[in-house]
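# Results of the structural survey
Residues per chain, in single letters:
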Amino acid sequence: MKKVGFGVATILLLFGCASVPTPVSLQVGDGQELSYSHGTGCVESGADMNDGFILTSLCAQSKSVGRSVLIVRVANRTSQPITIEEGAVSAMSATGPLEVLAYTALMKEEKTRQAWAAVATGLAAAGNSMAASNAGYSSYQGTAHTSASVYGSGGYGGASATTRYSGTSYNGAAATAAQQVANAENARLLEQLEASSAMGEQVIEGALRTHTIEPGDFHAAYVEVELPRLHSGVAQHLDVVLRLQGMETHFQMSVGP
């Protein structure tokens, strides 16, 4: 099998997670080689064709407790264009197939996330506006004591009374200032929502979808794979398959400590 050096293809994945991601790693199989791309282990494989060869590479990154990112790279060193399909990557564990998410599935997830984020932003903005609309009003209450004395034909007399009072006052300047603050905060929330949505979709632009690789070119994209549950801290082994040009390339992946 002929070899060719891979220029480092970097996909910037802005992933965050609230807990420690599950460790993942790749093992080298027959005819494969291990390399590193920005500290991430990658396994290279290749296949001789009648008019050249195709070099493939798979890199594995941890994303979260239940999911890993796989970066697929393909170099076309033949004289004909080759096409990689969106569903080219599959994964199998000891208990059965695992879900692999490429462009369409990841974009659907992102749209769902955006919808829930929009609901949360709307509720927050409504709360800000409601608080601002009530900001100019204030309530007051108190007690008034009055007394009086009089002199008449019967002599001196007196009377006293206690009156309780309450009411509401309105401060237009305070209401205006509060509304201005609420408007600014709501605008910030909207900008934050739009920026988060744009960033999420921009990341997914790097996900695997059907793409034709011209002779002499290479292509890099990523998928996400749902990881199996770990039992008693024992590592599990996955068989990741890349289907390209009617051929299957198998990559062995370890999940867990």
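Given the structure is predicted, the values throughout are model-derived calculations rather than measurements. (Residues numbered from 1 in each chain as written. Predicted model: local features only at pLDDT ≥ 70, side-chain atom pairs only at ≥ 80, totals over all residues. Heavy atoms only, no water.)

### Examining the nonpolar core
Taken as a class, soluble globular proteins show a tendency for nonpolar side chains to be buried jointly. Where we set the bar: In plain words, nonpolar cores are sets of buried Ala, Val, Leu, Ile, Met, Phe, Trp, Tyr and Cys residues tied together by side-chain atoms within 4.5 Å. Only protein chains enter the accessibility calculation, which uses a 1.4 Å probe; a residue whose area is less than 20% of its type maximum is buried, one above 50% is exposed, and one in between is partly exposed. To qualify as a helix, a DSSP run of H or I must reach at least 4 residues; to qualify as a strand, a run of E must reach at least 2; elements of each kind are numbered from the N terminus. Whether two residues touch is decided by their heavy atoms; if any such pair falls within 4.5 Å, the residues are in contact.
Membership of the largest hydrophobic core comes to 29 residues, with the highest contact counts inside it found for Leu 70, Val 74, Ile 84, Leu 208, Val 240 and Met 253. Those elements that provide at least two residues to this core are strand E1 (24–27), strand E4 (52–62), strand E5 (67–77), strand E6 (82–84), strand E7 (89–93), strand E13 (218–226), strand E14 (236–244) and strand E15 (247–255). Sort the elements by how many residues they give to this core and E14 lands first, with four residues. Those residues in contact with Met 253 that sit more than four places away from it in its chain are Val 24, Ser 25, Leu 26, Gln 27, Ala 60, Ser 68, Leu 70, Leu 227, Gln 236, His 237, Leu 238 and Val 240. With twelve residues, the next largest nonpolar core counts Leu 101, Met 107, Ala 207 and Tyr 222 among its residues.

### Details of the pattern of salt bridges
This is how the line gets drawn: In what follows, salt bridge is the name for a side-chain nitrogen of Lys or Arg lying within 4 Å of a carboxyl oxygen of Asp or Glu.
Counted by the stated rule, this structure contains nine salt bridges. Between Arg 67 and Glu 109 there is a salt bridge; the shortest N-O distance is 2.9 Å. Placement of Arg 67 in strand E5 and of Glu 109 in helix H1 (residues 103–133) is noted, with a sequence separation of 42 residues between them. A salt bridge links Arg 67 to Glu 226; the shortest N-O distance between them is 2.4 Å. Here the residue Arg 67 occupies a position in strand E5, and Glu 226 occupies one in strand E13, the gap between them amounting to 159 residues. One connected set of salt bridges, linked through shared partners, spans Lys 63, Arg 67, Glu 109, Glu 224 and Glu 226.

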